[in-house]
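Survey of secondary and tertiary structure
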Amino acid sequence: MIIKSIFVFLILFIGYNSIHWMVPDLNHSLNQWHENRARAESFVYDERDLQAVIVGSSLAARINQDSLNGFFNLATSGQSIYDGLEVMKRSGKIPKVLFIEANFPMKNKNEDYLADVFSPELYQMRQIFPALRADRAPSAMPFALKDKLSKDKKPIPNVTSAENLKTMLNIQQKAFAELPDATKLKLKLKELKNYVAYFKSKGCRIIFFEVPIHPSLIEMPFAQAMRKAMKESFPETTFPFLSYPASEQVMTTSDGLHFNDQDLMTYLRFFKKALPDFKLPA
Amino acid sequence: MLFNSFVFVWLALATFAIYYLKPLRNYQIPVLIVSSLIFYAYNNPWLLILLIASVAINVLTSYAVVYGNPKNRKFWAVTGVVINLALLAFFKYSPLISHSLFLPDSSIGEFLLQIPLPIGISFYTFEGISLLVDVFKEKYFKGSDVTPPSLFKHFNRSLFFISFFPHLIAGPILKAHQFYPQMDTVKYFKDIDWKGVFKLLIMGYFLKMVLADNLKDYTYWISYPYFQTFSTPALITMLFGYSCQIFSDFAGYSLIAIGLAKVFGYELLANFNFPYISTTFQDFWKRWHISLSSFLQEYLYIPLGGNKKGKVRTYLNLMITMFLGGLWHGAAWSYAVWGLFHGGALALERMVKPYFSLPDRFLFRWFKRLFVFGFVTLAWLLFKLPDFDQVLKYLQTMNAHWTMGMSVRELKICYGLMVFSIPVVIYHVMYLLRDHPVFNWYRKFEYVVYGLLLFLLVVNSGTSGSFIYFQF
């Protein structure tokens, strides 16, 4: 029974991998954690011309890299900038320009995530067997097929009701009214400085950017404290800081923090307009 | 160290390679002890101090029960049990004591909040209690059968009983009278039931890594404040998914533990027996976390009087047992409330049974099954949301969002929930069909099923996460 089961497994495994060898772009992530791993694996395993990389949290994760030439978005939803920075460091792939989201530098990196991506046992095997990658799971294949067959590939719309926005905004306003833990912030910024120094030593240009959030949160104590701490640690004389000016269209957001679809289009227009200032193609 | 980590696989393989070597046959228990201590200390070596101290307390007090002054037997047994419970209370319930009895700024309150929770303490203190009670009562064996005259040998055997890595940090909770007799024989490679081990490990890892680890990514949204933005159908689906997740996580772990123990020649009793097919709450507790419910029955419910002291006392004993059983799960009042819910259900069922029961027919059986499942699922909310006010908010939101349309994102979440919950339903239905002729097809092509499970284990596992019951 054991031998027969292993035989069935081998047939299924080789057969499923064959599909992915023949159709390499048949992939889909069912949720944000799979998406985080899929992005890291794509960054690590796939060859590409790497002009710039974005690292950040879920705020930056929605930025569509396909509309930005030579960009790779390594931002991780539900996780932190340090996850993206660590993936880059361990993979040894250093871009010319690194965009670091400045909104939430306090979140810790996810060691389980990094252990998954860089598992010594699976690292080499994923290069040979694409079925082992996070976005090739059989459960996601109906969506992968739909993506492949659909001519109009749109991301899942991020729409919300006015009631939901109000509910989440109330919660965010309470959270943003509190100042961050100064000791922890100091420690995390020290960690960030180490990463920045490392990437600079590899010839990478660092640009910080603040993702615009709901106008009622922008000047609240938490956001102000973060902005101040970031600019003190990384002075604008040395590190360009891409802020979203007040003159631009305000963000409605889906929950106070994250872009809705309209916000995303607006921000992408602004972001692309700013790229030539950093000698990057729009 | 997690069962689903590569470092554990290497440790298990290395242990297995040494264990059955002919020259080391007389050292099988020390080999497993060393392996178990490495397993436990891997992430935090300081935890070993408490584990060994707990074992030492149980060894000394049980030794005193057997070989000390016969007049003091009860004293030593009670002392050992009290110390076990005191250790558990100190390390596990200090945050609850702090929040409940002290002001937020008080120094005692702050001190209590800092006390770490050693992993597995709920399990190994109960096993220590089992050893003490079994040698005191001598219901299954004479104390000296289990407690050798050599204190060193008794320490070794007890350290093995408590630290044996398959069950150390999340059960099944072993009872001394079930495990000690197994230590008396040498284990041989030729006696390994490979087919049994294979099936247990594959099913266990599938339940844990494919079902539970994927489901956790979708039931994440049950957390506060996210659930407040979901529609009622999505909230109900998430709750159903969580019910399947907690089963898959815990039953999966138990199957892995039983399979691993089997590899080394030890039989652990089943911890889950298809609990979601239960048609009564009494039946549910004979199928869910069997090792805990049987421990509570033998060492708490029966000593309290069980059902031998009249109806009112029986209901009270049920409530006390389930209240403490709930509190065992965590240092939060929500777990105690969860226990009380189940205690209340058991008591009410017992009260009503003589006067009212549904006919034992197919539709009525399914009605009862769904009723019990629905109650159990709703009660799991107290596990997922330990803040009681968040539980109430969840229920309020469920009630208020019936007319809210489901977004594309919600539909995708529900798709994921159903994909990884349906196998749990199939798992239970297959058990119900085990005597049906259709099951003969399953038996004939069982290898195809296990081959498929192994395939999904390799290519469709979720992002890694620790076992839910590790937090208890």
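**What to know about the overall build of chain A**
Broken down by element type, chain A carries 12 helices and 5 strands. Against the compact-globule benchmark of 19 Å for 282 residues, chain A has a radius of gyration of 20 Å, which places it among compact chains. Its C-alpha atoms put chain A at 65 × 45 × 35 Å along the principal axes. Looking at chain A as a whole, 52% of its 282 residues qualify as buried. A fraction of 77% describes how many contacts in chain A between residues 6 or more apart in sequence connect residues 24 or more apart. Put simply, chain A shows about 13,300 Å² of open surface, and 58% of that area lies on carbon and sulfur atoms. When the 36 basic and 30 acidic side-chain charges of chain A are each reduced to a single mean position, those positions are 3 Å apart.

**Side note on the overall build of chain B**
For chain B, the count of helices and strands is 22 helices and 0 strands. In terms of overall size, chain B behaves like a compact globule, its C-alpha atoms giving a radius of gyration of 23 Å where 472 residues would be expected to give roughly 23 Å. Oriented by its inertia axes, the alpha-carbon framework of chain B measures out at about 70 × 55 × 50 Å. Buried residues in chain B amount to 55% of all 472 residues. Pairs at least 24 apart in sequence give 77% of the contacts found in chain B among residues at least 6 apart. When the accessible surface of chain B is summed, it comes to about 20,800 Å², and 69% of that surface belongs to carbon and sulfur atoms.

**Quick word on helix α9 (residues 151-163) of chain B**
All names here are of chain B. Between the first and last C-alpha of α9 there are 18 Å, a value that for 13 residues agrees with the 18 Å anticipated at 1.5 Å per step. For α9, the full list of buried residues reads H154, R157, S158, L159, F160, F161, I162 and S163. Here the buried face of α9 lies against α2 (28-41), α3 (47-67), α7 (121-137), α8 (143-146) and α10 (176-179).

**Regarding the packing of helix α12 (residues 232-263) of chain B against helix α19 (residues 388-400) of chain B**
For any two helices packed against each other, one specifies the crossing angle of their axes together with the interaxial distance. Residue and element names in this part refer to chain B. Close contact between α12 and α19 brings their axes to 7 Å; oriented N to C, the two are set at 135 degrees. Considering their axes alone, α12 and α19 lie oblique with respect to each other. Judged by the sense of rotation from one axis to the other, the crossing of α12 with α19 is left-handed. Of α19, the residues touching α12 (which contributes T232, L235, I236, M238 and L239) are Y394, T397 and M398. Residue classes in the contact of α12 with α19 are distributed as 6 nonpolar, 2 polar and no charged.

**Some points on unusual backbone geometry**
Residue and element names in this part refer to chain B. A cis amide bond links G171 to the next residue, P172, at an omega of 5 degrees. Along the polypeptide, P172 turns up in the loop between α9 and α10. Omega for the peptide link from Y224 to P225 comes to 10 degrees, which places this bond in the cis form. By secondary structure assignment, the location of P225 is in the loop between α11 (194-219) and α12. At E138, a position not held by glycine, the phi torsion is positive, near 55 degrees. Tracing the backbone shows E138 in the loop between α7 and α8.

**Details of the interface of chain A and chain B**
The partner chain B presents 38 residues to the 36 residues of chain A that form the contact. Roughly 3,400 Å² of surface becomes buried between chain A and chain B when both sides are summed, with 72% attributable to carbon and sulfur atoms. Applying the counting criterion to the chain A and chain B interface returns 0 salt bridges. Here chain A is connected to chain B by 9 residue pairs in polar contact (both at pLDDT 80 or more). Where the side of chain A that touches chain B is concerned, the elements lending two or more residues are α1 (2-22), α2 (32-45), α5 (111-117), α6 (120-128), α7 (141-149) and α8 (162-176) of chain A. If one sorts the elements of the side of chain A that touches chain B by residue count, α1(A) sits on top with 8 residues.

**Thoughts on the sheet that holds strand β4 (residues 205-209) of chain A**
All names here are of chain A. Taken in spatial order, the 5 strands of this open sheet run β2-β1-β3-β4-β5, and their pairing is parallel. Of all strands in the sheet, those with a lone pairing partner are β2 (71-73) and β5 (241-242), marking the two edges. In terms of strand pairing, strand β1 (residues 52-55) meets strand β3 (residues 97-101) through 4 bridges, oriented parallel. Bridging from a neighbouring strand, A52 pairs with V97 of β3.

**Describing the pairing of β4(A)**
Residues and elements named next belong to chain A. By the criterion of burial, β4 is predominantly enclosed, with 4 of the 5 residues buried. Bridge count for β3 against β4 is 5 bridges, and the pairing is parallel. Paired with L98 across the bridge in β4 is I206. Relative to β5, β4 runs parallel, the two sharing 2 bridges. Of the residues in β5, the one forming a bridge with F208 is F241.

**A word on the confidence of the model for chain B**
Across chain B, the average pLDDT comes to 91, with 98% of residues at 70 or higher. In the predicted complex, the global pTM is 0.93; the interface-specific ipTM is 0.92.

**Topic: the side chain of Q79(A)**
Residue and element names in this part refer to chain A. Within the element layout of this structure, Q79 appears in the loop between β2 and α4 (81-91). Note on Q79: relative accessible area 4%, which makes it buried. A distance of 3.2 Å separates the side chain of Q79 from the side chain of D83, its partner in a polar contact. Excluding its chain neighbours within four sequence positions, the residues that come into contact with Q79 are W33, N36, S57, K107, N110 and Y113.

**Details of α12(B)**
Residues and elements named next belong to chain B. Its 32 residues place the ends of α12 46 Å apart at the C-alpha level, agreeing with the 46 Å of an ideal helix rising 1.5 Å per residue. With 29 of 32 residues buried, α12 is to be regarded as a mostly interior element. Downstream of α12 by a residue or two, G265 has a phi angle that is positive, lying close to 90 degrees.

**Notes on the packing of aromatic side chains**
Residue and element names in this part refer to chain B. Taken as a whole, this structure holds 94 aromatic pairs over all chains when the rule is applied. Taking 6.5 Å as the distance between ring centres and 55 degrees as the angle between the ring planes, the aromatic pair formed by F362 and W366 counts as tilted. Here F362 pairs with W366, and both are found in helix α17 (residues 362-379), just 4 residues apart, close to one helical turn. Residue classification places F362 among the exposed residues on the basis of a relative accessible area of 55%. Looking at W366, the relative accessible area reads 29%, which means it is partly exposed.

**Some remarks on the nonpolar core**
Residues Y266(B) and Y394(B) are the most contacted members of the largest nonpolar core, which totals 160 residues. Here this core takes 18 residues from α12(B), the largest share from any one element.

**Considerations on the packing of helix α15 (residues 311-329) of chain B against helix α16 (residues 333-352) of chain B**
Residue and element names in this part refer to chain B. Where α15 contacts α16, the two axes come as close as 7 Å, and the packing angle between them is 150 degrees. As the angle between them shows, α15 and α16 are arranged roughly antiparallel. In this structure, α15 crosses over α16, and the sense of that crossing is right-handed.

**Remarks on a nonpolar patch on the surface**
Together, L348(B), M351(B), V352(B), Y355(B) and F356(B) give the surface a local cluster of nonpolar side chains, amounting to about 550 Å² of exposed area. Within the element layout of this structure, F356(B) appears in the loop between α16 and α17.

**As for the environment of T219(B)**
All names here are of chain B. Inspection of the secondary structure assignment puts T219 in helix α11. As for T219 and S243, which are separated by 24 residues in sequence, their C-alpha atoms are 9.7 Å apart. Sequence-distant contacts of T219, defined by excluding residues within four places in its chain, comprise M238, G241, Y242, Q245, K384 and L417.

Reading the values: rules and limits
Residues numbered from 1 in each chain as written. Chains lettered and ligands numbered in written order. Predicted model: local features only at pLDDT ≥ 70, side-chain atom pairs only at ≥ 80, totals over all residues. Heavy atoms only, no water. Helix = DSSP H or I, 4+ residues; strand = E, 2+ residues; numbered from the N terminus. Rg over C-alpha atoms; globule rule 2.2 N^0.38 Å. Buried < 20%, exposed > 50% of the residue type's maximum accessible area, 1.4 Å probe, protein only. Contact = heavy atoms within 4.5 Å. Areas by Shrake-Rupley, 256 points an atom, 1.4 Å probe, with all protein chains shown as cover. Lys, Arg positive; Asp, Glu negative; His and termini not counted. Charge placed at Lys NZ, Arg CZ, Asp CG, Glu CD. Expected span 1.5 Å × (residues − 1). Axes fitted to C-alpha atoms, helices over the stretch in contact; angles between N-to-C directions. Parallel < 35°, antiparallel > 145°, perpendicular 65-115°, else oblique. Left-handed = near helix turned anticlockwise from the far one by under 90°. Nonpolar A, V, L, I, M, F, W, Y, C, P; charged D, E, K, R; others polar. Buried area = accessible area lost by both parts, 1.4 Å probe. Salt bridge = Lys/Arg side-chain N within 4 Å of Asp/Glu carboxyl O. Polar contact = N/O pair within 3.5 Å; in protein donor to acceptor, adjacent residues only side chain to side chain. Pairing = 2+ DSSP bridges. pLDDT = per-residue confidence, 0-100. Phe/Tyr/Trp six-rings, centres within 6.5 Å; stacked < 30°, edge-to-face > 60°. Core = buried A, V, L, I, M, F, W, Y, C linked by side-chain atoms within 4.5 Å. Patch = residues over 30% accessible without salt bridge, like charges linked within 9 Å, V, L, I, M, F, W, Y side chains within 5 Å.

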